[in-house]
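Structural overview for review
Each chain is listed here by its residues.
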Amino acid sequence: MADLNEGRLDLPRSPARFIAFGVSAVLLFTLLGGRLFQLQILQGDLYARRAAAAHTAEIPIPAPRGLIFDRTGRPVAVNVPSWAVKARPADVTKAGVSTVIGRLASLIGADAKVLEQRFDAFHGSPYDLVPLTKVSRQAALLVGERSQELPGIVVEVDPQREYLDEKGNLDGSLLAHAIGYTGPISETELANLASQGYLPDDPIGRDGVESSFEQELRGTYGAQLVQRDALGRAVKVLDTVREPTPGKNLMLTIDAATQRMAVDALTWGMKASGVQEGVTMVMNPQTGEILAMASLPAYDNNKFAAGISATDYQAYLTRPGKPLRNHAISDTYPPGSTFKLVTGLGALESGVTTPTRLWPTYGCYQIPNAPRGQCLFDWNHTGFGPLNLTQAFAISSDTFFYQMAVKQGVDRLGDAAAQLGFGKQSGVPLPGEAAGIVASTEWARRNGRPNLYTGELAQAGIGQNVIAVTPLQLLNAYSTLANGGKLMRPMIVRGETSDSGKLVKAYLPEILGTLKASTADQRVIRIAAREVVTSGHAYNIRDLNLPGALSGKTGTAEFGAKTRNNTLPFHSWFVAYLPSKPGATDAKLAVVTFTYAAVVPGNVSLEVVKYFLQKYFKLDQDLRLDPHNFALVRNAN
Amino acid sequence: MGAISSTFSQNVRAHKWRVFDWQLLLYVVLLVGFGVAMGYSASLGAGGSSASGMSQTVKTVIWTGIGLTIFFVAASVDYHWLTTFTVPIYVAVLGLLAITTVIGTSLFGAQMSVTVAGLDFQFSEVCKVLMVVVLASFLTGRREKVGRLSTIVGAGVLMAIPTFMVYRQPDLGTALVFVAILVGMLFMSGASIGWMAVMAGGVVAVAPLAVQSLAIYQQQRLFCFLDPSVDPQHTCYQLIQSLNAVGSGGWFGEGLTAGGLNRSGLLPVQSTDFIFSVVAEELGFIGGLIVLALFGLLVWRVLVIGWGARDALGTMVSVGLASMILFQLLVNVGMVVGIMPVTGIPLPFVTYGGSSMISLLFGMGILESVRMHSRKPTF
């Protein structure tokens, strides 16, 4: 064998090592080739499928949100285009978060720190878009022009909600409580609602009709098949899988003009008497439709539509009167004398009294089975002498109704209250409704006693102590009386409309229950309610030239802790309806006003209702009295 | 002695071009051709128009032209000039890497190239080939002492400095290529296997530390191949898309420029490091095998030249280049098919990149020089 190293000048070659090297190389090639075989031949189908899936995706097409109109077809919630600046984390991070966001902030005049906070708070995919802020059209154009310096920053046109008043101005405070607002969906909500097609940051209704009719307003999102690029961005639409179904447009039962009248009347009354919290509601007793719902102070939901600032939100939270709450349905108060409707009806229905039977009245009513001297006062400390139900109702005798309450017992009283809708939600399709409290044995048991005290029961008869109602419940109760005994479900939405606000589908009124009392008995109370107005107990409201026989009830409800001069503060109530003749059941209008801690001689709520009716019927008269100065009746009740 | 050598060298001079290894050049050119075609297809897929695809092709052709010129120049010169210039070459290597560290621009987060007049120079590419030369020179200079530990240590130290500089760029992949070159050349030089094993053990012990000191995203990229679902959106995205592309190629692929994933631009960096995934997607299993076969044939020719070299210097250079090409092939294709960690190592001759092309062609030229200046005229 020839010397393998023949001709070599120095180091010998090692055949063994060459062979070893060569074998390693061969193994290497086998390994790679084998892996190729595995991927491409053995598992080829799997990867082919994944490859197909990787570059197409189904992305949703948002549906336009339904509009909201008032009763007459005025648009009160509309969609307008808004420009949102968004950031894609993958691109922004690569170029430097502070740099890019800093540049952006100085360009559009925003606070870089706030934007960075929002950016950092995002926890989704780095190829999604993080909304940073909304900008004007000019700012949006600027950002577009300078896009080279702002990698990862895009401007998207998103629809935004605008809320309008009765004149079409951008002022949501008129109907804020009724309509509510929309805000971006939270992560917890998204976890529950993603299956229904909600996307991160989708608007979702909060409060009001926006919330309770969220499904109708949102519509159904569509879907389209798109081709994506390496970064997951859609580059081409391949097919529309499903067209979006636009949200339904809704018509409120509220008439914005009427609402304005209610708000103005209430504002006047609250200012004149220094009251900080009040409600005025107007309803059609025949259908339960709410024609106006004013809760003051109110808030401007437009502030929420664009994303409320922390300062504004704090201001709303700390303002006395709690503007964010809808006092009409969410808060409960003692109804005072207005509750005598329940006591009277319950007494008639259970046979405790008849329309004509007379009862003695006292300055102070001795509580049965209680030690001598424990008595409950009438507002008139001398009593009125013997009265029948109609008279007692008109003059609002407390001791009469103490007796009615005690005689019929807590269960019958509770039953009468329930028939009139107290103690439970009215069923109005709005969020946040309170149920209120009606005295019952059960309540006593929950508070550690076998029974209600007799004194408590007596006080319940005049709407004090263990009775708390919402203004809506009270209005609905009197509406039930006014329409002949049908407890209606209050309506806030009248139906669905076309895009121009024409009603195309009306929702039907719903009867929730009927009063057990006979028509005759009910009529007695209706006549009594008329007497309230005509007897002078409601001051000069009887002098209004109204197209009907205004009937109703005043109420003064004590609450809270005694003041320095040993008296309790009180609320002021007035509820009324307008039948064509006394006792008739054809009233189409019912009004209630509630004013919180209206500690003035006059009945503020009465004055407010008076003012409202003057406006509503466009009367020439102005019979308002200064609530601070009442000479007609002392010790107002 | 003098007469024989002068006759020898006369004969050699006259006949050297007869022994020029045409196969080597052929396989190189074929691989470059693949690279051009795939690069064109890939740049189309990355959202480029046919114009930009053409411009990349044109650039590649120009770089190749320059490279081939260097190739022929290096081939015609007797390669022994390398021993004369070993020290300056080493100094140049350190200098180039230093420049890169100081003023290099970032390509995808690694400081790897220096841009001059709009052209990217990746000095680490040419440094690989230069270090082959330096190391070859060193090892042959050891003569009989090559079996000693001091050889291994010396070679290690020599290599360690540029390796470390490259690693700090940070370019882990290329640093590993340096190590592969060192290992291959030490092995073939006749160094002590026992000592090499000890060294290897030491390296394995140190490896976790080295990995820790990488940036997080680099660490994540390394481990994607074990479980791509670690971060499917982000760092492992390339690998997942690559596997999908490769697998969907089937036997014959989807056709040149017709690869689904390629066309939808879903493969980031496909015109550079992941180019093999385009080959696999568009030319299928058969296409992939052909490319592997070309590499196999290329490495075979390199080793044949090494075996037939007249002196250890020639053998060392050939072995060094073979190690380099094999290692890069293993890691690049391995990465594309998901059996190697994701690193930024180019596929020789195929990946688009002027520096890599020219460096490799320079190396191939030296090899031809080894062949032409080694053989006895009678072979």
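All of these numbers come straight from a predicted model, not from anything done at the bench.

**Re the overall build of chain B**
A count of helical and extended segments in chain B gives 15 helices and three strands. Buried positions account for 55% of the 379 residues belonging to chain B. Here the contacts in chain B between residues at least 6 apart in sequence split such that 74% fall between residues at least 24 apart. Approximately 14600 Å² of chain B is accessible, and the part contributed by carbon and sulfur atoms is 72%.

**Observations concerning the overall build of chain A**
If you tally the helices and strands in chain A, you get 22 helices and 23 strands. Across chain A, contacts joining residues at least 24 apart in sequence account for 70% of those joining residues at least 6 apart. Of the accessible surface of chain A, which amounts to about 27600 Å², a share of 53% is contributed by carbon and sulfur atoms.

**Some details on the pattern of salt bridges**
Residue and element names in this part refer to chain A. Considering all chains together, one arrives at 25 salt bridges over all chains under this definition. For lysine 167, the salt bridge identified is with glutamate 166, shortest N-O distance 3.6 Å. The class of lysine 167 is exposed, set by a relative accessible area of 64%. Among the charged side chains, a salt-bridge network with shared partners connects Arg65, Arg161, Glu210 and Glu214.

**Let's talk about the state of the cysteines**
Residue and element names in this part refer to chain A. Taken as a whole and judged by the stated rule, the model has one disulfide over all chains. A disulfide bridge connects cysteine 364 with cysteine 375, and the sulfur atoms are separated by 1.8 Å. Disulfide cysteine 364-cysteine 375: the torsion about the S-S bond is 95 degrees, which places it as right-handed. You can see cysteine 364 sitting in strand β13 (residues 364-366) and its partner cysteine 375 sitting in strand β14 (residues 375-377), a full eleven residues away along the chain. Residue class for cysteine 375 comes out partly exposed when judged on its relative accessible area of 28%.

**Looking at the sheet that holds strand β21 (residues 551-558) of chain A**
All names here are of chain A. Across the sheet, five strands lie side by side as β12-β11-β23-β22-β21; this open sheet has antiparallel pairing. Two strands lie at the open edges of the sheet, namely β12 (289-296) and β21, each paired on one side alone. Adjacent strand axes in the sheet meet at a mean angle of 10 degrees when their direction is disregarded. Inspection of the sheet shows strand β11 (residues 278-284) paired to strand β23 (residues 590-595) by six bridges, in the antiparallel sense. Residue pairing in the sheet places valine 282 in a bridge with valine 591 of β23.

**Description of the nonpolar core**
All names here are of chain A. Residues Met293, Phe422, Ile492 and Leu613 are the most contacted members of the largest nonpolar core, which totals 128 residues. With nine residues, helix α17 (residues 398-419) is the single largest residue contributor to this core. Discounting chain neighbours no more than four positions away, the residues touching leucine 613 are Ile541, Leu544, Leu546, Leu550, Leu589, Val591, Lys618 and Leu619.

**Overview of the side chain of His177(A)**
All names here are of chain A. Within the secondary structure, histidine 177 is located in helix α7 (residues 176-179). In this structure histidine 177 comes out as buried when scored by relative accessible area, which is 5%. A polar side-chain atom of histidine 177 sits 3.0 Å from the main-chain carbonyl oxygen of arginine 325. What histidine 177 contacts, discounting residues up to four positions off in sequence, is Gly208, Met293, Ser295, Pro297, Ala298, Tyr299, Pro323, Leu324, Arg325 and Asn326.

**Examining unusual backbone geometry**
Residue and element names in this part refer to chain A. For the bond running from leucine 296 to proline 297, omega is 0 degrees, close enough to zero to count as cis. A positive phi angle, near 65 degrees, is found at serine 396, a position not held by glycine. With respect to the helices and strands, serine 396 occurs in the loop between α16 (389-395) and α17. Taking relative accessible area as the criterion, serine 396 reaches 0% and is therefore assigned buried. Positioned with a positive phi, asparagine 465 is a non-glycine residue whose angle comes to about 70 degrees. Residue placement: asparagine 465 occurs in the loop between α19 (454-461) and β16 (467-468). A residue is classified by how much of its surface remains accessible, and asparagine 465, at 45% relative accessible area, is partly exposed.

**Observations regarding the packing of helix α11 (residues 256-273) of chain A against helix α22 (residues 604-616) of chain A**
Residues and elements named next belong to chain A. Look at α11 against α22: their axes get within 9 Å of each other, and the N-to-C directions meet at 145 degrees. Crossing handedness for the pair α11 and α22: right-handed. When α11 is examined against α22, the residues Thr258, Met261, Ala262, Asp264, Ala265, Leu266, Trp268, Gly269 and Ser273 are found in contact with a partner set consisting of Val604, Glu607, Val608, Tyr611, Phe612, Lys615 and Tyr616. Looking at side-chain class alone, the contact of α11 with α22 contains ten nonpolar, three polar and three charged residues.

**Observations regarding the confidence of the model for chain A**
When pLDDT drops low, the exact placement of atoms in the prediction is not to be read closely. Looking at chain A as a whole, its pLDDT mean stands at 88, while 93% of the residues score no less than 70. In this model residues 630-637 of chain A is a low-confidence stretch, pLDDT under 50, and it forms 21 contacts with partners more than four residues away in sequence or in other chains.

**Here's the deal with the packing of helix α7 (residues 149-167) of chain B against helix α8 (residues 172-189) of chain B**
All names here are of chain B. In the contact formed by α7 and α8, the axes pass within 8 Å of each other and the chain directions differ by 165 degrees. Between α7 and α8, the angle falls in the class roughly antiparallel. Like other packed secondary-structure pairs, α7 and α8 cross with a definite hand, here right-handed. For the pair α7 and α8, the contacting residues are Thr151, Ile152, Ala155, Gly156, Met159, Pro162, Thr163, Val166 and Tyr167 in the first and Leu172, Thr174, Ala175, Phe178, Val179, Ile181, Leu182 and Leu186 in the second. Its residues placed into classes, the contact of α7 with α8 shows 13 nonpolar, four polar and no charged.

**Comments concerning the packing of aromatic side chains**
Counted according to the given criterion, the structure contains 30 aromatic pairs over all chains. Ring geometry for Tyr181(A) and Phe304(A): centres 4.0 Å apart, planes at 20 degrees, overall stacked. Of this pair, Tyr181(A) sits in strand β6 (residues 181-184) while Phe304(A) is found in helix α12 (residues 302-305), placing the two residues 123 residues apart along the sequence. Ring centres 4.5 Å apart and planes at 70 degrees place the aromatic pair Phe20(B) and Trp22(B) in the edge-to-face group.

Rules used in this analysis
Residues numbered from 1 in each chain as written. Chains lettered and ligands numbered in written order. Predicted model: local features only at pLDDT ≥ 70, side-chain atom pairs only at ≥ 80, totals over all residues. Heavy atoms only, no water. Helix = DSSP H or I, 4+ residues; strand = E, 2+ residues; numbered from the N terminus. Buried < 20%, exposed > 50% of the residue type's maximum accessible area, 1.4 Å probe, protein only. Contact = heavy atoms within 4.5 Å. Areas by Shrake-Rupley, 256 points an atom, 1.4 Å probe, with all protein chains shown as cover. Salt bridge = Lys/Arg side-chain N within 4 Å of Asp/Glu carboxyl O. Disulfide = S-S within 2.5 Å. Pairing = 2+ DSSP bridges. Axes fitted to C-alpha atoms, helices over the stretch in contact; angles between N-to-C directions. Core = buried A, V, L, I, M, F, W, Y, C linked by side-chain atoms within 4.5 Å. Polar contact = N/O pair within 3.5 Å; in protein donor to acceptor, adjacent residues only side chain to side chain. Left-handed = near helix turned anticlockwise from the far one by under 90°. Nonpolar A, V, L, I, M, F, W, Y, C, P; charged D, E, K, R; others polar. pLDDT = per-residue confidence, 0-100. Parallel < 35°, antiparallel > 145°, perpendicular 65-115°, else oblique. Phe/Tyr/Trp six-rings, centres within 6.5 Å; stacked < 30°, edge-to-face > 60°.

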